[in-house]
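Okay, here's what each chain looks like letter by letter:
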Amino acid sequence: MGSVKGSFKECLFIGFLFLLNCVFAQESSNEETKAYIVYLGERQHDDPELVSESHHRMLESVFESPEAARESIIYNYHHGFSGFAARLTESQAKKLSDRPDVFSVASNRKLALQTTRTYDYLGLSPNLPNGILHESDMGSELVIGFLDSGVWPESRAYNDEGLGPIPKHWKGGCVAGTRFDPAKHCNKKLVGAKYFRDGLFEKNPGVELSGSDFMSPRGLSSHGTISSSVAASSFVPNASYKGLAPGLMRGAAPKARIAMYKVGWEKDPFGAAMVDLVKAFDEAIKDGVDVLSVSIGGDPPPFRPLTSVEQDLHIGSFHAVMKGIPVIAAAGNSGPEAYTISNVAPWLFTVGATSIDRTYYVDLTLGHNITIMAQALYTGEGLFAELVYVEDWENDTSDLRGKVAFTFAEDDDDVTGVGGKLGCEAVIIARSSDYLTDVFVDSAPSIAVDYEVGTKILKYIRSSSLPTVRISAGKTFVGRPKSTTVAGFSCRGPSAQSPAILKPDIVAPGVLLLSAEINDNEKHQSDFVITQGTSVATPVVAGIVVLLKAVHPDWSPAALKSAIMTTAWKTDLSGEPMFAEGLPRKLADPFDYGAGLINAERAKDPGLVYDMNLDDYIFYFCASGYNDTAITVLTGKPTKCSSPLPSVLDVNYPAITIPDLNGEVTVTRTVTNVGPVDSVYRAVVEAPEGVKIAVEPETLAFNSSTKKLGFKVKVTTSHKCDTGYFFGSFTWTDGTRNVVIPLSVRTRVSML
């Protein structure tokens, strides 16, 4: 018979440890679990199954059994990069985050989802024989992916008439689900449709989809249908929103193929889960999309952590860009305050919104026969009624049935639902002229005038014993004097996370554009809608990037972005200054419009580009303070940052932004010649006020053996105290091509 050596005290102590361990295990098992994304960077294996197995082994280190580890998995990310989403306790997440082979661990978060005239306005006409539309065959060989709220496949925007075979490189497909049959609803236009929901339900346990959203790629919300049609709608004749904005609807790339990755769901509150978003990126990379449009983003700082790579769509988008897929993202709709910009990583192409030269209006004829043009999305046949002034619409209880109300509003947010609350036939709202690109739709027709016009209307009401107004049918106005302005809702820079990286990158039309709409055979529902937001401007740029990539398939995402940024319009298309809505309204600057308004025809021949590759992004990570291990995990390339660390001012971005200039600083850039082989460029500087700019060398000469050249820009301030930002520009010109980047400089004088 065997025996166990040891004293009674030792046995008692071991028993105590066992009991203590059981208590800890019980506490751990009772700890609340939630979804986390564990991001591991570049894949260590080409085989997705081996990547997944490595995820399971890692999870086993924080679970009691292999079975429990596998059951915790929500998603494996194993195509474009390595990582997983799993149900973890806070302590388990902490243990994983402490591992050197883990780049980041982030909890699941909700993300917000952010035409007939648009492309003619931008000079993209199918009637131009040598334009980019024809040179690219309208994007017919490329697939544009959308991470959005799903698709309404019956829309005429997805008509595949006249399209050739699906591009051979496409590996994706469509998945079946509620009211979505791939054999019926996918075609040579809509070539991909998938949906991702597991993260949504982890984030919102027990949530029910509002209005019975479809468990399929079909979207109850029209957000995805809108964005995909703006970018790549087929030609749709006789389009209009109930008679407004009539004409031929088309996307920027009318022959491009569409792949929808549904990550946004119609629930309360509406949104997308980060877990699902990252999985959609992984799938899109595997499927072979050529461009990604993502009209989604989180809250800007200070409402979320000041991290660059760990949050939102930065994780998947970095790997997409490294695989040659440009990712176009919305700036957000929280403007016009500074520092509201979202999606600020340098590999993202971040888009703000402008108006175009089209608006919608009615004629208001007052009882004394004075007629006023007023903005409105009014689709009725017109009306005549008594006009009543309402001083305090929020607390007014008078009977306004059959009447037209008139009121003043201090803020746009205050007027939502005015007509419905007052119960009137229509409401005329006087508000600040700084926000008159926004036209709102209400349960009663809502008509916008500025304060000056509003004051005249009030004077008429008070001078008349029975004031009346006749409202005409709604009309569409195109052309001058309507000018381009940066929309008030469009988020503004600078970036609080990386102030030296200019954001937004570009602006594009995003105000009151016509797009496809869902229509579930409802009698009075239109097949089209007039909508706005940076989530509408984003697919405008995405569609143009498709055209540009078709013409230049060998250009990197950074080169494509540079070409668009350096050729953008800095003024209204008529040559007048571009204004930015705000309080007060002001001349637009780079923190409003980035490099300017997108100009597709000029972008196809930029002359020079500011290109970036993996080494440039590693340079950025080092300059931003990421440690060597984290960068190695993220990029898959062994990295040792230099000492001292490099300056983020030297990241090869197509803009120079200096947030803290004390005396002088020299920044470096490199340009690559993509124009004529033998080219000579000279420097032209428009210096910010109080700032001296010196360029070395002042001339760049390219030939067959010299395609890439570096230069230095010495920036010196003459200001004696702290300033705000002053703006200028720096241009390389060969006499034909002007390669322009913005200069943004703020002086900060040392107190030491």
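Residues numbered from 1 in each chain as written. Predicted model: local features only at pLDDT ≥ 70, side-chain atom pairs only at ≥ 80, totals over all residues. Heavy atoms only, no water.

Okay, the state of the cysteines next. Scanning the model with the defined rule gives two disulfides in all. Across the disulfide from C174 sits C186; the S-S distance is 1.9 Å. Taking the sign of the S-S torsion, -105 degrees for the link of C174 and C186, the bridge is left-handed. Placement of C174 in the loop between strand 6 (143–148) and helix 7 (182–185) and of C186 in the loop between helix 7 and strand 7 (190–195) is noted, with a sequence separation of 12 residues between them. Accessibility expressed as a relative area gives 21% for C174, which makes it partly exposed. The disulfide bridge from C622 ends at C641, spanning 2.0 Å between sulfur atoms. Classification of the bridge connecting C622 and C641 rests on its S-S torsion, roughly -80 degrees, and on that basis the disulfide is left-handed. Here C622, found in helix 18 (residues 614–623), pairs with C641, found in the loop between helix 19 (628–635) and strand 32 (656–661); they are 19 residues apart in sequence, far enough to count as distant. (Disulfide = S-S within 2.5 Å. Helix = DSSP H or I, 4+ residues; strand = E, 2+ residues; numbered from the N terminus. Buried < 20%, exposed > 50% of the residue type's maximum accessible area, 1.4 Å probe, protein only.)

Strand order in this open sheet of four strands is 31-33-37-35, and the pairing throughout is antiparallel. Two strands lie at the open edges of the sheet, namely strand 31 (608–609) and strand 35 (691–696), each paired on one side alone. (Pairing = 2+ DSSP bridges.)

This next bit is on the side chain of K189. With respect to the helices and strands, K189 occurs in the loop between helix 7 and strand 7. Of the side chains bearing the opposite charge, D160 lies closest to the buried K189, which forms no salt bridge; the N-O distance is 9.9 Å. Polar side-chain contacts of K189 include one of 2.7 Å to the backbone oxygen of A256. (Lys, Arg positive; Asp, Glu negative; His and termini not counted. Salt bridge = Lys/Arg side-chain N within 4 Å of Asp/Glu carboxyl O. Polar contact = N/O pair within 3.5 Å; in protein donor to acceptor, adjacent residues only side chain to side chain.)

Contact pair helix 9 (residues 223–232) / helix 14 (residues 534–551): the axes reach a minimum separation of 7 Å and the direction vectors enclose 35 degrees. Crossing handedness for the pair helix 9 and helix 14: right-handed. Side by side, helix 9 and helix 14 meet where H223, I226, S227, V230 and A231 of the first sit next to S535, V536, P539, V540 and G543 of the second. Grouping the amino acids of the contact of helix 9 with helix 14 by side-chain chemistry returns six nonpolar, four polar and no charged. (Axes fitted to C-alpha atoms, helices over the stretch in contact; angles between N-to-C directions. Left-handed = near helix turned anticlockwise from the far one by under 90°. Contact = heavy atoms within 4.5 Å. Nonpolar A, V, L, I, M, F, W, Y, C, P; charged D, E, K, R; others polar.)

To continue, consider the sheet that holds strand 38 (residues 725–733). An order of 32-39-38-34-36 is seen for the five strands of this open sheet, with the pairing classed as mixed. Across the chains shown, the open sheet's two edge strands, defined by having one partner strand only, are strand 32 and strand 36 (699–702). In this sheet, adjacent strand axes meet at a mean angle of 20 degrees when their direction is disregarded.

For a regular strand, side-chain orientation follows a simple rule: the groups alternate between the two sheet faces. Taken together, the two bridges between strand 31 and strand 33 (residues 664–673) define a ladder with antiparallel strand orientation. Its bridge partner lying in strand 33, V609 is registered against T672.

As a further point, take the environment of E90. Within the secondary structure, E90 sits in helix 4 (residues 90–97). Expressed as a C-alpha distance, the spacing of E90 and E31, which sit 59 residues apart in the sequence, is 7.8 Å. Contact partners of E90, with chain neighbours within four places excluded, come to E31, E32 and Y36.

By the element assignment, N159 lies in the loop between strand 6 and helix 7. Sequence separation between N159 and K189 is 30 residues; the distance between their C-alpha atoms is 6.6 Å. Beyond its immediate stretch of four places on either side in the chain, N159 contacts K189 and S234. From its side chain, N159 meets the backbone nitrogen of E161 in a polar contact 3.0 Å long.

This part covers the packing of aromatic side chains. Counted according to the given criterion, the structure contains 26 aromatic pairs. A ring pair is formed by Y389 and F408, whose centres lie 6.4 Å apart and whose planes are at 80 degrees; its orientation type is edge-to-face. Taken together, the residues span a long stretch of sequence, with Y389 in strand 19 (residues 383–389) and F408 in strand 20 (residues 404–408) at a distance of 19 residues. When its relative accessible area of 26% is taken as the criterion, F408 is described as partly exposed. These aromatic residues form a ring-pair network of at least three members: Y39, F103, F318, W347, Y617, Y620, F621 and Y626. For R218, the ring lying beneath its charged end belongs to F214, and the centroid distance is 5.9 Å. The ring of W265 is capped by K262, whose NZ or CZ atom sits 4.0 Å from the centre of that ring. (Phe/Tyr/Trp six-rings, centres within 6.5 Å; stacked < 30°, edge-to-face > 60°. Lys NZ or Arg CZ within 6 Å of the ring centre and 35° of its normal.)

These figures come from the coordinates and say nothing about function on their own.
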